[in-house]
Amino acid sequence: MSDTNAKITEEIRAKARELLSSGEIAAFLGFTSGSLPMTTRPFVAKRPGDADKLIWNSFCVMNLANYLPALLESLEPPRGPKDPPPAGPLPKVGVVATGCCSRNIVVQMQERQVDRSRLVILGVSSRGMVDRKKVMAAAEGREPLKVEEGGHTLKVSGRDYELEIDRWSAVRDNCLTCAHNNPVISDYLIGPVSNRDVKDRFAQIEAIEAMPANARWKWFTDEIASCIRCYACRNACPLCYCPTCFVDDSRPQWVGKSTEPADTALFHILRAFHCAGRCTDCGACESACPMGIKMRLFTRKLSKDAFNLFGAEAGLDPQAQPPLATYRPDDPEEFLIVEEKK
Amino acid sequence: MEDKNLQSGTNLAASPTANWEPRIVAFLCNWCSYAGADLAGVSRFQYPPNIRIIRVPCSGRVSANMILDALKAGADGVLVSGCHPGDCHYISGNLHARRRFGLLKNFLEFLGIEPGRINFSWVSASEGEQFSEVVKKVTGRVKALGPTRRLVKEIRID
Amino acid sequence: MNILRLDINGLLDCLSSWAGGQELYGPVKDGWRRISRDGLEAVVSIPPGAPKAPIKTFFLAQPETLFTFSARHGDDDAWIPTPPKEAPNRRVLFGVRPCDARSIALNSMPYRDDPYYQARMDKTAVVGLSCNETCSTCFCKSVGGSPYGTEGLDILLTKADGGFIAEVLTSKGEGLLEKGTGTPAGDGDMARLKALRDAAQAGTSDTQALSASFKAKNLMQLYNARLWQGLSEPCLNCGACTFLCPTCYCFDIQDEVVRQAGRRIRYWDSCMFPLFTLHASGHNPRGEKIKRVRNRFMHKLKYFTERFGALSCVGCGRCIRECPVNIDIREVIRDLLSVE
Ligand code: SF4
Ligand code: SF4
Ligand code: SF4
Ligand code: SF4
Ligand code: SF4
């Protein structure tokens, strides 16, 4: 583990232990180590002693905001569906949040999914998380049995091989173009803050836009061809909290259940569109996908347009309205057909 | 209103033939565009019979789900039309919708859906003639594109 | 049972004739792909472990059309189900790992009377490739299998001494080999095979031990174990584990009507999804995540084992590798065994 990670881990543990011991929070949401190299598990510490299981490294790729609404609810005293909300302050939750995760918390605040006063946020400036699929690709099919993180390198080793790769070359696509790696809200800041100056934030999207329509259609259908409709992308996403997702609607049934091309395409289009103006490009969807589908490119296009057309970026200001929940009288409308009165 | 053509069972995604005529689903808001369509009829402004009108309370009611559902069912084109800005019966339904439609149109084109498959317009209750012009324009666009294939759900029965 | 020795050219000849005479599939880059005659080299050297895509796609089609019908009023045959005309093609699956092959055998127990599954079984010959090398996530041996296991296979190939030892296990397997293929295996080959098998099995006392332990466990104690809470907390309730798992076979059925053409399809479903158990009344007996996670493991380890005598897990390790939050069934097994 790199020194920075070790230090951040220590600080997270200490703070979580302190908050749990003092009773300020009832639970602390962080990461613990997984059973394989390059895996981590979201983890809820409920006793001060659990804090030692918390860790921090470049493989903390899930977005913890995803767990917050349910976790907060689980800590409320039980009540019937028609009972009024309990009076008095409710138990709080501590959570580690990088830039994107903190922005998703802001989105959840805007959408009334979490109550800021019940959160204690430990902000961590992200150095960019590592994409284990990229590391696997660098290992060329050989199983990585151990992956050690250095400051700027990853040491990968397995049966009969050892490999050192540049850390940045294995960083996730979304992290490469992230301009908000520092938490936008937090109660405590953990570890060093690093600022990034990212140009070409939408270069990946522009490259696709530059292709002819038929090539784009081919790109899109090829990209999603191996989708197994497991919905890991949806379920990993902190924006997806609808009690009944459109994929489960049966009357009308918006999306067929098979993995035939039209069904899969509609699933991806609508999933992405439901995230329009709300997606923080946290990359959890892409990291969760077992099939390596780059569905982030879909949401990224929508973020690009929301930014260019409405000047909106998701999750920066708790007071702001999500761009699709508001309007300006002078919003662009060149795409509309308007016939002049004769 | 039952649409005999939609019920006929012919394959909407049929191959283009000499007399192929596109089918265009038009979501029209109750207060402006639907009334505009009505006025077009009453005033005898001719427009191509390719559209199948679905009346909705407001253009703001039309979601991406509904537009895509029409394409999935084999519609060759979609038109969504509502009140001009400022005229919305619900004050801002059309303005909210405008943002949504702008994003959706760009997004579908980004994924390779042909520009012109989905169309948006403002038509007021007094714009019968304009309504017929919009329908002519949209029908022309869709005709030029040919039958829809992308996103169409197919079931083969032997 | 017939045991042959094949050299690489002999194997390529077999593959070539299968690719020509029927459909040949093999694991290519994590997926099962149709192999043409020009692509044979790719499948003879496959990486260790089971490929990401599960073998069940060949038996539980995604979707399986159960029947079609016309939904056009006035048609003579409107609403009358017509069985699908298209019979599955004959095909050979090559390079199947013993764990995956075993999953075919296990799944065919609950699907014993299912005509669709059985029709696909009948048309499919399975040629396995044993595992001289394993992955860190492989645990076939703990759950009753073996890297050299033969269950569910028609032929098992083992790489040895620059060639292959082919164990022809069934008459379907016999049928796959043209007369004069290979040479009868010698005593040396037999000894070699036995040595490999014994070495793989060294240290594992009884392959049936785990299913016996689970059968002996009290169901309600497992059901009410405390570990489910912590275990289910990180779970996303996605279907990645169950959809990739070769032994998860649950399905849903639905009628689809598009432009008055209708069909009834069967497609994969997962006990991880709330919709899986949602009643029409709105009640959901497995409404909470913890119950769904518990069901997945209880089904694999306890319910299936009681009903069919073996665990519904072949130890392929897919779910461990692909779970976005790394829920590891080996840990679950270990923890459940210590439940008192
Ligand atoms: S869509 Fe993907 S990138 Fe966007 S917020 Fe959801 S999980 Fe994160
Ligand atoms: S996670 Fe991947 S495979 Fe699963 S539904 Fe999403 S895109 Fe498809
Ligand atoms: S689990 Fe066993 S049979 Fe399957 S790939 Fe691994 S070693 Fe081979
Ligand atoms: S165990 Fe893992 S793969 Fe399975 S549903 Fe939970 S998160 Fe998804
Ligand atoms: S439960 Fe996991 S290890 Fe067992 S057969 Fe299924 S995917 Fe493989």
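Since this is a predicted model, take the numbers as computed values, not measurements.

Quick word on the overall build of chain B
- Within chain B, the secondary structure is distributed over 5 helices and 4 strands.
- In sequence order, the secondary structure elements of chain B are arranged as α-β-α-β-α-β-α-β-α.
- Taken across its 158 residues, chain B has 60% of its residues classed as buried.
- Contacts in chain B between residues at least 24 apart in sequence constitute 82% of all its contacts with a sequence separation of at least 6.
- If you sum the accessible surface of chain B, you get close to 6,400 Å²; carbon and sulfur atoms cover 52% of it.

What about the overall build of chain A?
- Along chain A, the regular secondary structure elements total 11 helices and 9 strands.
- Expected size for 342 residues packed as a compact globule is a radius of gyration near 20 Å; at 21 Å, chain A falls within 12% of this value.
- Structurally, chain A occupies a C-alpha span of about 75 × 60 × 40 Å along its principal axes.
- With 342 residues in all, chain A has 56% of them scored as buried.
- Accessible surface, chain A as shown: approximately 14,600 Å² in total, 52% of it carbon and sulfur.

Some details on the state of the cysteines
- Evaluated as defined, the whole model comprises 1 disulfide over all chains.
- Cys32 of chain B shares a disulfide with Cys83 of chain B; S-S distance 2.4 Å. Every disulfide takes its handedness from the sign of the S-S torsion; for Cys32 of chain B and Cys83 of chain B that torsion is 100°, giving right-handed. One end of the pair, Cys32 of chain B, is in the loop between strand 1 (24–29) and helix 2 (33–42); the other, Cys83 of chain B, is in the loop between strand 3 (77–82) and helix 4 (93–110), with 51 residues separating them in the sequence.
- Taking relative accessible area as the criterion, Cys83 of chain B reaches 4% and is therefore assigned buried.
- There is no disulfide at Cys242 of chain A, and the cysteine sulfur nearest it, in Cys245 of chain A, is 6.7 Å away.

What to know about the packing of helix 9 (residues 261–274) of chain A against helix 3 (residues 64–72) of chain B
- Relative to each other, helix 9 of chain A and helix 3 of chain B sit at 165°, their axes nearing to 11 Å. Judged by the inter-axis angle, helix 9 of chain A sits roughly antiparallel to helix 3 of chain B. Once helix 9 of chain A is placed against helix 3 of chain B, the crossing between them reads as right-handed. Taking contact as the criterion, the partners of Leu266, Ile269, Leu270, Phe273 and His274 of chain A in helix 9 of chain A are, on helix 3 of chain B, Ala64, Asn65, Leu68 and Lys72 of chain B.
- Class assignment for the residues of the contact of helix 9 of chain A with helix 3 of chain B results in 6 nonpolar, 2 polar and 1 charged.

What to know about the site of ligand 1
- Close to ligand 1 lie 13 residues; Cys237, Cys279, Cys282, Gly283 and Cys285 of chain A are nearest.
- Tallied by class, residues from the shell around ligand 1 come to 7 nonpolar, 4 polar and 2 charged.

Quick look at the pattern of salt bridges
All names here are of chain B.
- Applying the stated criterion across every chain, the model contains 55 salt bridges over all chains.
- Taking the shortest distance from any N to any O, the salt bridge between Glu109 and Lys105 comes out at 2.9 Å. Of this pair, Glu109 and Lys105 both sit in helix 4, 4 residues apart, which is roughly one turn of that helix.
- Residue classification places Lys105 among the buried residues on the basis of a relative accessible area of 9%.

What about the sheet that holds strand 10 (residues 251–258) of chain C?
Residue and element names in this part refer to chain C.
- Strand order across the open sheet formed by 3 strands is 4-11-10, with antiparallel pairing between neighbours. The outermost strands of the open sheet, each flanked by one partner alone, are strand 4 (64–70) and strand 10. If you compare each strand with its neighbour and ignore which way they point, the axes differ by 20° on average.
- The sheet contact formed by strand 4 and strand 11 (residues 261–268) spans 6 bridges and is antiparallel.

A word on the interface of chain A and chain C
- Each partner contributes residues to the interface: chain A has 34 residues there, and chain C has 36 residues.
- Carbon and sulfur atoms make up 52% of the area that chain A and chain C hide from each other, which totals about 2,800 Å².
- Taken together, the links from chain A to chain C amount to 4 salt bridges.
- Between Lys46 of chain A and Glu233 of chain C there is a salt bridge, and its shortest N-O distance comes to 3.2 Å.
- In terms of residue class, the side of chain A that touches chain C is made up of 14 nonpolar, 10 polar and 10 charged.

Digging into the domain arrangement of chain A
All names here are of chain A.
- Parsing chain A into structural domains produces domain 1 (3–127 + 178–190), domain 2 (132–170) and domain 3 (203–325).
- For domain 1 and domain 3, the distance between their C-alpha centres works out to 25 Å.
- On the side of domain 3, 20 residues touch domain 1, which itself brings 17 residues to the contact.
- Inspection of the region where domain 1 meets domain 3 yields 1 salt bridge.
- Between Arg278 and Glu111 there is a salt bridge, with the nearest N and O atoms lying 2.8 Å from each other.
- Between the two partners, domain 1 and domain 3, sit 10 residue pairs in polar contact (both at pLDDT 80 or more).

Remarks on the pairing of strand 6 (residues 146–149) of chain A
All names here are of chain A.
- The alternating pattern of strand 6 places Val147 and Glu149 on a buried face and Lys146 and Glu148 on a face that is not buried.
- With 4 bridges joining them, strand 6 and strand 7 (residues 153–158) adopt antiparallel strand pairing. By the bridge assignment for strand 7, Glu148 is matched with Lys155.
- Adjacent in sequence and paired antiparallel, strand 6 and strand 7 are bridged by 3 residues.

Points about the confidence of the model for chain B
- Residues at a pLDDT of 70 or more form 88% of chain B, whose mean pLDDT is 89.
- Here residues 1–14 of chain B is modelled with pLDDT under 50, and outside its nearest four sequence neighbours on either side it reaches 30 contacts, counting other chains as well.

Details of the interface of chain B and chain A
- On the chain A side, the residues contacting the 45 residues of chain B number 53 residues.
- Roughly 4,300 Å² is buried in total at the junction of chain B and chain A, and carbon and sulfur atoms are behind 66% of that figure.
- Applying the counting rule to chain B against chain A returns 4 salt bridges.
- The closest approach of N and O atoms between Lys137 of chain B and Glu339 of chain A, which form a salt bridge, is 3.1 Å.

Thoughts on the packing of aromatic side chains
- Under the definition given, this model contains 26 aromatic pairs over all chains.
- Here the aromatic rings of Tyr231 of chain A and Phe273 of chain C are separated by 5.5 Å at their centres, their planes lie at 40°, and the arrangement is tilted. Placement of the pair is Tyr231 of chain A in the loop between helix 7 (213–224) and helix 8 (232–235) and Phe273 of chain C in the loop between strand 11 and helix 11 (289–308), with the two residues belonging to separate chains.
- On the basis of relative accessibility, which here comes to 8%, the residue Phe273 of chain C falls in the buried class.
- The cationic tip of Arg266 of chain C hangs over the ring face of Phe251 of chain C; the distance from NZ or CZ to the ring centre is 5.2 Å.
- Taking NZ or CZ as reference, Arg294 of chain C lies 3.6 Å from the ring centre of Tyr223 of chain C, over its face.

Observations regarding the packing of helix 9 of chain A against helix 11 (residues 296–310) of chain A
Residue and element names in this part refer to chain A.
- Remark: helix 9 packs on helix 11, axes separated minimally by 9 Å, with the N-to-C direction vectors making an angle of 40°. Viewed along their axes, helix 9 and helix 11 adopt a mutual orientation that is oblique. As helix 9 runs across helix 11, the sense of the crossing is right-handed. Of the residues in helix 11, those touching helix 9 at His268, Arg271, Ala272 and Phe273 are Phe298, Thr299 and Leu302.
- Taken together, the residues of the contact of helix 9 with helix 11 break down into 4 nonpolar, 2 polar and 1 charged.

Reading guide: rules and limits
- Residues numbered from 1 in each chain as written.
- Chains lettered and ligands numbered in written order.
- Predicted model: local features only at pLDDT ≥ 70, side-chain atom pairs only at ≥ 80, totals over all residues.
- Heavy atoms only, no water.
- Helix = DSSP H or I, 4+ residues; strand = E, 2+ residues; numbered from the N terminus.
- Buried < 20%, exposed > 50% of the residue type's maximum accessible area, 1.4 Å probe, protein only.
- Contact = heavy atoms within 4.5 Å.
- Areas by Shrake-Rupley, 256 points an atom, 1.4 Å probe, with all protein chains shown as cover.
- Rg over C-alpha atoms; globule rule 2.2 N^0.38 Å.
- Disulfide = S-S within 2.5 Å.
- Axes fitted to C-alpha atoms, helices over the stretch in contact; angles between N-to-C directions.
- Parallel < 35°, antiparallel > 145°, perpendicular 65-115°, else oblique.
- Left-handed = near helix turned anticlockwise from the far one by under 90°.
- Nonpolar A, V, L, I, M, F, W, Y, C, P; charged D, E, K, R; others polar.
- Near = heavy atom within 4 Å.
- Salt bridge = Lys/Arg side-chain N within 4 Å of Asp/Glu carboxyl O.
- Pairing = 2+ DSSP bridges.
- Buried area = accessible area lost by both parts, 1.4 Å probe.
- Domains from an automatic or database assignment.
- Polar contact = N/O pair within 3.5 Å; in protein donor to acceptor, adjacent residues only side chain to side chain.
- pLDDT = per-residue confidence, 0-100.
- Phe/Tyr/Trp six-rings, centres within 6.5 Å; stacked < 30°, edge-to-face > 60°.
- Lys NZ or Arg CZ within 6 Å of the ring centre and 35° of its normal.

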